[in-house]
Amino acid sequence: MENKKTLNDKQKAIYHFEWTLRKYRPVFIAYCILMFMVFPLVELCLLMLSAKRNSGYRLFFYKERLSTYGEGIFLHAATTPIVAFIFSTVFSLLCFSYLHNKRLTDLYGSLPLNRKTLFLSRYFSAATMSIVPILVNGIIGALLTFDTNTMPNLLMTTIKISVATLGNVSFIAFISVCCGLTIDTIVSTILLNAMYPLFYTITIVFPSFVLPGFSYYNLHANLFTLFCPAGAPYTGIFSSIDGEDFFDKSFFFIAWWCVISLITVVLATILCKKRKAEAAQSGFAFPVVEIIIKFFTCFTGGLAFGYFVVFVFEEILSFGLGLRSKYFFLVSGFAAGIMIINFLTHLIFHKGIENFRFSLKECGVVFIFGISFIVIVCTGFFGYDAYVPNADDVQSVSFSEEYEHFYLNGRDILPVEYSDRDSINAIINVHKQIAHNATSTKYLGFYNFTDFDPSLYDCDTDYFYYPFTIKYHLKNGKNVKRIYTTNYGDVDSSAFIDALLERDLNALKTIPKDKITTIHVIKSGVPILCYYATTPEFDDYSNNTEELKDLIDEVIKDCNDTSKLIYEPSKKVYELNINYEDSKYNSYYVSIPISFSYSNTMKKIEYLKTLNTTNDIDD
């Protein structure tokens, strides 16, 4: 009997969606099995191993084995994204392959489906097959942790992997609409995921080597994979483990990939309606993808090749290169690199050199952009290198060593912040000296870009030798941040040393004693009193006495009249070293030269020495 029922667009889309799921069911089943094997199955194996332990130790052993790093999320975060990216790419290529086959294009064009309905039903099919196994296995894995602290982190990790996978499907959907061949879609996807991180790296690392006060530490790690769904889960997850609260850092990542997925799908839907059927199997239907990829690739490869040329000639010429010659070779190598890479990508995408002359316009755009970038950075980025806020505009200023962090209740307690005028003026004066010394190294208004000094900042004491950050909070609500990692000449560093001493005293007062991992009292380079939270594997002189922790109270008592530690290295009798560790595996080390000014501390040390019967101390 003839079926006279007429389906509307929504019903047609649902029917085609279900049909697509049935068609690729074998691949979907393989994906589900592999996804289960890389995470929940491992948890079940650990659970069975834990069952062999005694009843009081089983659950503890299981949690300890599972939570080896990052509160139990490491296993899920390390393996699931790989499988998800591979299969989401496969599903996307299968679902959008009809765009690259003339026979299939004609077949689907004869169906009572408009292009928009066909494309969106295929898109949601690929997205569903890619994301559902991630969510299901993530929830199972979270439940198998049996830990209310780990579960939220695992669920958040699952959400991040899911939205990044959705981004991958959306990117491939957009690329598929723009390309005429499946191979071009594959090549474009690979180049985009590979070239954007390199593009970002070179545009950040290059200024970090050249521009005083600028560092890639200023920028969020998630920016590294803004257009790279293959690596996005790793920066989105692991950049949140260390540092600020895990959930606070997740909002930007999730919001970005949801928004970019929506934008790319909307654009792809618009373009698929304008796409000509003749575009299948005939190169690019829309050249926008080719242009974007060529831009990233040519700029990155060109600048890298320019750097390579400079270093080659510096090695060949024993007398080295002057600054003018360096810039000449940099620009020449940059131009040559652009031409070479543009030629190679043209060969890949167009299967020959036909119409290569039209690509010369693209080379010109990249060259102009690159030269502008080099000039702006190497001349100081419009005064970025010399700018120091006016003291009257500063509400407060914080100072910290760049590589040191210690988190209590989600807050880094190490940066020292000042709001009094004297401290603000002192730090601003030192900052002005640094900025002046840095800008004085210019030649004809340009910084040298290869002879940078990689040595850490130094001064006349051994107390202050790490890269440091100065952050101003201005009265208008804005922040100004500078990170210095190189030596720009002699400056009066007493203001910074005072800040470090105040920071150490504040740490001693603030950090709970249960965060202590080691305490050493040293005399003449030899440890005479020691405490270890866990017994070291090799230790011939450990007293392991809890009373050593009381030395912290005595140090604080001796420093009651000052806002910082008493720093007298030339009068040192003992050296007190204390190491802390927070829940995010950040360690903080305090080293205090104990002189006779620490009267209470000296008495406590002498008392503890009398209790020490395991060492023969020669005073």
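Here's what I pulled together on the structure shown here. (Residues numbered from 1 in each chain as written. Predicted model: local features only at pLDDT ≥ 70, side-chain atom pairs only at ≥ 80, totals over all residues. Heavy atoms only, no water.)

## Observations regarding a nonpolar patch on the surface
To keep things clear, this is the line we draw: For patches, a residue must show more than 30% relative accessible area and have no salt bridge; joins then use 9 Å for like charges and 5 Å for nonpolar side chains, namely Val, Leu, Ile, Met, Phe, Trp and Tyr. Where accessible areas are quoted, they stem from the Shrake-Rupley method and a 1.4 Å probe; at the residue level, only the protein chains shown are allowed to cover. Every case where a carboxyl oxygen of Asp or Glu lies within 4 Å of a side-chain nitrogen of Lys or Arg is listed as a salt bridge. To qualify as a helix, a DSSP run of H or I must reach at least 4 residues; to qualify as a strand, a run of E must reach at least 2; elements of each kind are numbered from the N terminus. Burial status follows relative accessibility: with a 1.4 Å probe on protein chains alone, a residue under 20% of its type maximum counts as buried, one over 50% as exposed, and anything between as partly exposed.
Nonpolar side chains collect at one region of the surface, where Phe305, Phe308, Ile340, Phe343, Leu344, Leu347 and Ile353 lie side by side and expose about 630 Å² of accessible area between them. Looking at the nonpolar patch, the elements that each hand over two or more residues are helix H12 (288-316) and helix H13 (323-350). Per-element accounting of the nonpolar patch gives the leading share, four residues, to H13. Mapping Ile340 onto the fold places it in helix H13. Relative accessible area serves as the criterion here: at 45%, Ile340 is assigned to the partly exposed category.

## Brief notes about the packing of aromatic side chains
How we decide: For this analysis, a ring pair means two rings from Phe, Tyr or Trp (six-membered ring only for Trp) whose centres lie within 6.5 Å, classed as stacked if their planes differ by under 30 degrees, edge-to-face if by over 60, and tilted for the remaining angles. Lysine NZ or arginine CZ positioned within 6 Å of the ring centre and within 35 degrees of the ring normal marks a charge as sitting over the ring.
Applying the stated criterion across every chain yields a total of 30 aromatic pairs. For the ring pair Phe206 and Phe373, a centre distance of 5.9 Å and an interplane angle of 40 degrees mean the geometry is tilted. Taken together, the positions of Phe206 in helix H9 (residues 182-210) and Phe373 in helix H14 (residues 359-378) put the pair 167 residues apart, joining distant regions of the chain. Assigned by exposure class, Phe206 and Phe373 land together as buried. If you follow Lys160 out to its NZ or CZ, it ends over the ring of Phe253, 5.8 Å from the centre. Just above the ring of Tyr384 sits the side chain of Arg482; from NZ or CZ to the centre is 3.7 Å.

## Some words on empty space enclosed by the protein
Threshold: Only protein atoms enter the calculation, which uses a 1 Å grid: trapped sets of points that fit a 1.4 Å probe without letting it out are cavities, open sets showing protein on both sides within 12 Å along at least five of seven lines are pockets, and any residue with an atom within 4 Å of a point is a lining residue. Grid points are joined across faces, edges and corners, and a volume is the space filled by probe spheres set on the points. All amino acids are sorted into three groups, where Ala, Val, Leu, Ile, Met, Phe, Trp, Tyr, Cys and Pro are nonpolar, Asp, Glu, Lys and Arg are charged, and the leftover types, Gly among them, are polar.
Inspection of the entire model under this criterion finds one cavity of 30 Å³ or more. In this structure, the largest cavity spans a volume of roughly 50 Å³. Lining the largest cavity, in full, are Pro81, Ala84, Phe85, Ile161, Ala164, Thr165, Asn168, Pro229, Ala230 and Pro233. In terms of residues, the lining of the largest cavity owes the most to one element, helix H8 (residues 150-178), which gives four residues. Among the residues making up the lining of the largest cavity, the classes are represented as eight nonpolar, two polar and no charged.

## Some remarks on the sheet that holds strand E5 (residues 468-474)
Convention followed: Two strands pair under a simple rule: DSSP has to find at least two bridges between them. In this analysis, axes come from line fits to C-alpha atoms, helices being fitted only over the stretch in contact, and the angle between any two N-to-C directions falls in the range 0 to 180 degrees. Whether two residues touch is decided by their heavy atoms; if any such pair falls within 4.5 Å, the residues are in contact.
Here we have four strands laid out as an open sheet, ordered E4-E1-E5-E6, and antiparallel in their pairing. With one partner strand each, in any of the chains shown, strand E4 (416-418) and strand E6 (479-484) form the two edges of the open sheet. Here the strands of the sheet are splayed against their neighbours by 15 degrees on average, with no regard to which way each runs. Here strand E1 (residues 394-401) runs beside E5; their pairing, made up of seven bridges, is antiparallel. Counterpart to Val394 in the pairing with E5 is Leu474. On top of the sheet, helix H15 (residues 421-439) reaches E1, E4, E5 and E6; it is set at about 65 degrees to E1, its chief contact. Seen against the sheet, helix H16 (residues 494-510) touches E1, E4 and E5 and runs at an angle of roughly 120 degrees to E4.

## Observations regarding unusual backbone geometry
Excluding glycine, most residues fall at negative phi; most peptide bonds, likewise, are trans. For Lys351, which is not glycine, the phi dihedral falls at a positive 55 degrees. Structurally, the position occupied by Lys351 is in the loop between H13 and H14. One non-glycine residue, Phe382, lies in the positive phi region at around 55 degrees. On the secondary structure map, Phe382 appears in the loop between H14 and E1.

## Some details on H13
Condition: The span expected for a helix works out to 1.5 Å for each residue beyond the first.
For H13, spanning 28 residues, the distance from its first C-alpha to its last is 40 Å, which sits close to the expected 40 Å at 1.5 Å a residue. Just downstream of H13, Lys351 is the residue with a positive phi angle, here 55 degrees.

## Here we look at the pattern of salt bridges
Going through the model one piece at a time under the given rule, you end up with 13 salt bridges. Residue Asp385 is joined to Lys442 by a salt bridge in which the shortest nitrogen-to-oxygen separation is 3.2 Å. Placement of Asp385 in the loop between H14 and E1 and of Lys442 in the loop between H15 and E5 is noted, with a sequence separation of 57 residues between them. With a relative accessible area of 2%, Asp385 lands in the buried category. What makes Lys442 partly exposed here is its relative accessible area of 26%. The closest approach of N and O atoms between Asp553 and Lys513, which form a salt bridge, is 2.8 Å.

## Considering the pairing of strand E7 (residues 516-523)
Strand direction decides the pairing type here: E7 and strand E9 (residues 574-581), joined by six bridges, are antiparallel. If you follow His520 over to E9, its bridge partner there is Asn577. Sheet topology note: the E7/strand E8 (residues 526-532) ladder contains six bridges and is antiparallel. By the bridge assignment for E8, Val521 is matched with Leu529. Counting the residues between successive antiparallel strands, the hairpin from E7 to E8 contains two residues, one of them, Ser524, with a positive phi of roughly 55 degrees.

## A look at the side chain of Thr203
Condition: As used in this structure description, the phrase polar contact means that two N or O atoms lie within 3.5 Å; if the pair is within protein, one of them must be able to donate a hydrogen and the other to accept it, and residues adjacent in sequence are counted only when both atoms belong to side chains.
You can see Thr203 is positioned in helix H9. Side-chain polar atoms of Thr203 contact the backbone oxygen of Phe199, separated by 2.9 Å. Within polar-contact distance, the side chain of Thr203 engages the backbone oxygen of Tyr200 at 2.9 Å. Not counting residues up to four positions away in its chain, the partners in contact with Thr203 are Phe299 and Phe373.

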